[in-house]
Amino acid sequence: MVYLDNVTVVYPNGTRAVAEVTLHIERGEFAFVVGPSGSGKSTLLELIYREIRPTSGRVIVASQDVTALPSSRVPFLRRMVGVVFQDFRLLPERKVWENVGFALDVVGASRREKFRKVPVALELVGLANKSDAYPHELSAGEQQRVSIARALVNSPQVLLADEPTGNLDPEISWEIVQILADIADRGTTVIVATHDREIVDRLRRRVISISNGRIARDDRSGGGYDDA
Amino acid sequence: MTLNTLEFLLLESWTSIRRNAIISAAAITNISAVLLVAGIFVLLTVNVERWLGVQAKKTTLTVDLAETADAAKVEAALLADQRVAKTRFVPKDENLRQLFVRQGWDLKAMKYLDNPLPDCLIVETTRPEDVPDVVEMASKIKGVTAVHYAQEVALQLLRLIRGVKLTGMVLSVILALAALAVVATTIRLTIYARRREIRIMQLVGATHWFIRLPFLVEGIMYGFASGVLSAMLLLGGYAYLDEQVERTLPFMQLAFGPEVLALLAVGTVVAGMMFGLGGSLLATREYIREV
């Protein structure tokens, strides 16, 4: 589903954020990308949703060469790739269900589609009873669940999460990760960049460890944060 | 486009205008000023031009006679020319009286004045285009001191009005650029105010044009409001002027009928909308980063 072929990213200031990374993540697979801040985790995700282009190498997402994708096609890639961030990125003046529906509004969905899909997405993250609340009325964990629902509502094939538990308590973090794992079990490819060792050690799924832009370890069998 | 999409786009634009009420008002005022100045120029130049055109078509010229001249001889010489239709002799006292009447002076004062005016002949040509030739011919006749004709002034004024028109066009272009800049700046501010939303739109897969569209609609709404405002001011002002002219200068007719004025109003609104669209196209191209 996601395939990186010998990918290198060099920033204009000369920093080598990603160096010769080759990586394959299957459909429905759940993978952690771990490593210290600045190791290149976020950059790796940005390559997948075409926020940036690699300096060399190829990135294939859902059988499409993302590196060769013209700008005008990027929105259509984004509809197949949901993204979740540490800071949730919700719109404060819109209700929960409007925030989720926003992702449908902007891709030209009909009202009927919105009324069908939004409740399903909210149900999936366990927020069906909070659909009329505003983001500030929710806890941080609930806000993150709204942002996951928004990322899911377009039924993406890939879900990316960049430090999704960075602002959350350990207990809530674990809830969020379980939701993400559930989503993977339903057939969506889920890639989570994190430096939260507790959730990694507890979930025991594939761990890709990045250090200085290179893959230091790729434990496909389901490992811990810093297994040797 | 679904109904839901249309509702979404219009609501986005309207929310933006409402949140930035002061800036929106400034943008509308500015575009209106531009449209107003341009409209006034059009009305003014076209009217004056048309009036002068009528003057230029006149067939009358005035021949001043020397103190010693024999009016009958000069008249005969003029009438000998095929191009001259008729002549009429006006003695100098009559000339003076007409001057007094035109200026609204007291006629009783006439007798205290040593009349400086000459006797003259009013000459009519058969066709307006003959006037310059007849002037040429008449001025060579013995006993003629000077020849005046309305065309002379009219043609000079026409040249002047062409200069005014050019100035107006240049000024309009400068003001148009200013209006574009104002719209662009306004839209830029609303883009900044909504950068979070734009960012999310980009992340969930809204196309570039979908993101731009509410801003373009916003720009067009500014233009539309400005167009309506300035059209109303223009037509109102014109109606007032028309009334004044009719009262004070009955010989001068304003050129435009209701159809032309309606067209001008529609044109003003359309021009306003074009400014709005242009400005927001500029701003959105510049400030919404393409993904």
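Computed from a prediction, not measured in an experiment: that's the story for all the values here.

Criteria and thresholds
Residues numbered from 1 in each chain as written. Chains lettered and ligands numbered in written order. Predicted model: local features only at pLDDT ≥ 70, side-chain atom pairs only at ≥ 80, totals over all residues. Helix = DSSP H or I, 4+ residues; strand = E, 2+ residues; numbered from the N terminus. Rg over C-alpha atoms; globule rule 2.2 N^0.38 Å. Buried ≥ 20, exposed ≤ 12 C-beta atoms within 10 Å, placed from the backbone. Contact = placed C-beta atoms within 7 Å. Nonpolar A, V, L, I, M, F, W, Y, C, P; charged D, E, K, R; others polar. Expected span 1.5 Å × (residues − 1). Pairing = 2+ DSSP bridges. Axes fitted to C-alpha atoms, helices over the stretch in contact; angles between N-to-C directions. Domains from an automatic or database assignment. Core = buried A, V, L, I, M, F, W, Y, C linked by C-beta atoms within 7 Å. Parallel < 35°, antiparallel > 145°, perpendicular 65-115°, else oblique. Left-handed = near helix turned anticlockwise from the far one by under 90°.

Asks: Please explain the overall build of chain B as it appears in this structure.
Replies: Scanning chain B for helices and strands turns up 9 helices and 4 strands. Its helices and strands taken in sequence order, chain B reads α-α-β-α-β-α-β-α-β-α-α-α-α from the N to the C terminus. A compact globule built from 291 residues would reach a C-alpha radius of gyration of about 19 Å, whereas chain B, at 31 Å, exceeds it by more than 25%. Overall, the C-alpha framework of chain B stretches about 100 × 40 × 30 Å when taken along its three principal axes. In chain B, buried positions account for 30% of the 291 residues. Counting only contacts in chain B whose residues sit at least 6 apart along the sequence, the fraction spanning at least 24 positions is 87%.

Asks: Help me understand the interface of chain B and chain A in this model?
Replies: The extent of an interface is frequently quoted as the accessible surface area lost upon association of the parts. Taken together, the contact pairs 19 residues of chain B with 22 residues of chain A. Those elements giving two or more residues to the side of chain B that touches chain A turn out to be helix H1 (3-19), helix H7 (195-203) and helix H8 (208-248) of chain B. For the side of chain B that touches chain A, the element with the highest residue contribution is H7 of chain B, accounting for 5 residues. Split by residue class, the side of chain B that touches chain A holds 10 nonpolar, 6 polar and 3 charged.

Asks: It is not clear to me how the environment of Phe210 of chain B should be interpreted in this structure. Could you clarify?
Replies: With respect to the secondary-structure elements, Phe210 of chain B resides in helix H8. Linking Phe210 of chain B and Thr5 of chain B, residues 205 residues apart in sequence, is a C-alpha distance of 9.6 Å.

Asks: How should I be thinking about the environment of Glu243 of chain B in this particular structure?
Replies: Turning to its location among the elements, Glu243 of chain B is positioned in helix H8. Between the C-alpha atom of Glu243 of chain B and that of Asn30 of chain B, which follows or precedes it by 213 residues, the distance is 29 Å.

Asks: It is not clear to me how unusual backbone geometry should be interpreted in this structure. Could you clarify?
Replies: Note: most peptide bonds trans; most residues except glycine with negative phi. Positive phi, close to 55°, is recorded for Arg50 of chain A, a residue that is not glycine. Tracing the sequence through the fold places Arg50 of chain A in the loop between helix H1 (41-48) and strand E4 (56-61).

Asks: Honestly, helix H4 (residues 92-103) of chain B in this entry has me stumped. Any pointers?
Replies: What sets the pattern is the α-helix's 3.6 residues per turn: residues three or four places apart point alike. For H4 of chain B, which comprises 12 residues, the first-to-last C-alpha distance of 17 Å matches the rise-based estimate of 16 Å (1.5 Å per residue) to within 8%. After H4 of chain B finishes, the residue Gly104 of chain B shows a positive phi value of roughly 75°.

Asks: I would appreciate a short explanation of the sheet that holds strand E1 (residues 60-65) of chain B in the present structure.
Replies: Sheets are built from strands paired through backbone hydrogen bonds, the pairs being either parallel or antiparallel. All names here are of chain B. Across the sheet, which stays open at both edges, the 4 strands sit in the order E2-E3-E1-E4 with antiparallel pairing between neighbours. A single partner strand is all that each edge strand has here, and the edge strands are strand E2 (84-90) and strand E4 (144-149). Pairwise comparison of adjacent strand axes, ignoring direction, gives a mean angle of 25° for this sheet. Judged from the 5 bridges that link them, E1 and strand E3 (residues 120-125) form a sheet pairing that is antiparallel. When the bridges of E3 are listed, Thr62 appears paired with Ile122. Packed on one face of the sheet, helix H3 (residues 71-79) meets E1, E2, E3 and E4 and runs near 165° to E2. Strands E1, E2, E3 and E4 of the sheet are contacted by helix H5 (residues 131-139), whose axis makes an angle of about 165° with E4.

Asks: Just to check I follow, could you spell out the sheet that holds strand E7 (residues 158-162) of chain A for this structure?
Replies: All names here are of chain A. Read across the sheet, 6 strands follow the order E6-E7-E8-E3-E9-E10 without closing on themselves; strand pairing throughout is mixed. A strand with exactly one partner marks an edge of an open sheet, and here the two such strands are strand E6 (81-85) and strand E10 (214-219). Strand-to-strand twist of the sheet, defined as the mean angle between neighbouring strand axes without regard to direction, takes the value 15°. Bridging between E7 and strand E8 (residues 189-194) involves 5 bridges; their strand directions are parallel. Across the sheet, the residue bridging to Leu159 is Val190, located in E8.

Asks: What should I look at first to understand the domain arrangement of chain B in this one?
Replies: As assigned here, chain B comprises domain 1 (3-55 + 155-287) and domain 2 (60-126). With centres defined by C-alpha atoms, the gap from domain 1 of chain B to domain 2 of chain B works out at 53 Å.

Asks: What exactly am I supposed to notice about the domain arrangement of chain A here?
Replies: All names here are of chain A. As assigned here, chain A comprises domain 1 (1-73 + 157-228) and domain 2 (87-155). Centre-to-centre, using C-alpha coordinates, domain 1 lies 24 Å away from domain 2. When the residues that make up the side of domain 1 that touches domain 2 are grouped by side-chain class, the tally is 7 nonpolar, 1 polar and 1 charged.

Asks: Explain the environment of Ile48 of chain A here, please?
Replies: All names here are of chain A. The residue Ile48 is located in helix H1 in this model. Taking the number of C-beta atoms within 10 Å as the measure of exposure, Ile48 has 23 and is therefore buried. Between the alpha carbons of Ile48 and Val2 there is a distance of 7.6 Å; along the sequence they are 46 residues apart. For Ile48, the residues in contact, after removing those within four places along its chain, are Val2, Val59, Val61, Val81, Val158 and Leu160.

Asks: Which parts of the structure should I look at to understand the nonpolar core?
Replies: Side chains that are nonpolar tend, in soluble globular proteins, to be buried together. Ranked by internal contacts, the top residues of the largest apolar core, which has 104 residues, are Val33, Ile48, Val100, Ala149 and Leu160 of chain A together with Ile31 and Val183 of chain B. Counting residues per element, this core draws most heavily on H8 of chain B, which supplies 12 residues. Excluding anything up to four places from it in sequence, Val183 of chain B contacts Ala27, Ile31, Gly219, Tyr222, Phe275, Gly276, Gly279 and Ser280 of chain B. In this structure, Val74, Val84, Val123 and Val144 of chain B belong to the second largest nonpolar core, which totals 15 residues.

Asks: Honestly, the packing of helix H5 (residues 140-152) of chain A against helix H6 (residues 170-185) of chain A in this entry has me stumped. Any pointers?
Replies: Packed helix pairs are characterised by how far apart their axes lie and by the angle those axes make with each other. Residue and element names in this part refer to chain A. Contact geometry for H5 and H6: axes closest at 10 Å, N-to-C directions at 15°. On the basis of their axis angle, the class for H5 and H6 is roughly parallel. When the axes of H5 and H6 are compared, the crossing they make is right-handed. Of the residues in H6, those touching H5 at Ala140, Gly141, Gln144, Arg145, Ile148 and Leu152 are Ile172, Glu175, Ile176, Ile179 and Ile183. Each residue belonging to the contact of H5 with H6 can be placed in one class, and the counts come to 7 nonpolar, 2 polar and 2 charged.

Asks: What am I meant to see in the pairing of strand E9 (residues 206-211) of chain A here?
Replies: Note on strand geometry: in a regular strand, side chains alternate between the two faces of the sheet. Residues and elements named next belong to chain A. As defined by bridge partners, strand E3 (residues 30-34) adjoins E9 across 4 bridges and the pair is classed as parallel. What sits directly across from Phe32, in E9, is Val207. The pairing of E9 with E10 spans 5 bridges and is antiparallel. Bridge pairing in E10 links Val207 to Asp219. Between the end of E9 and the start of E10, which pair antiparallel, lie 2 residues, with Asn212 showing a positive phi angle near 50°.

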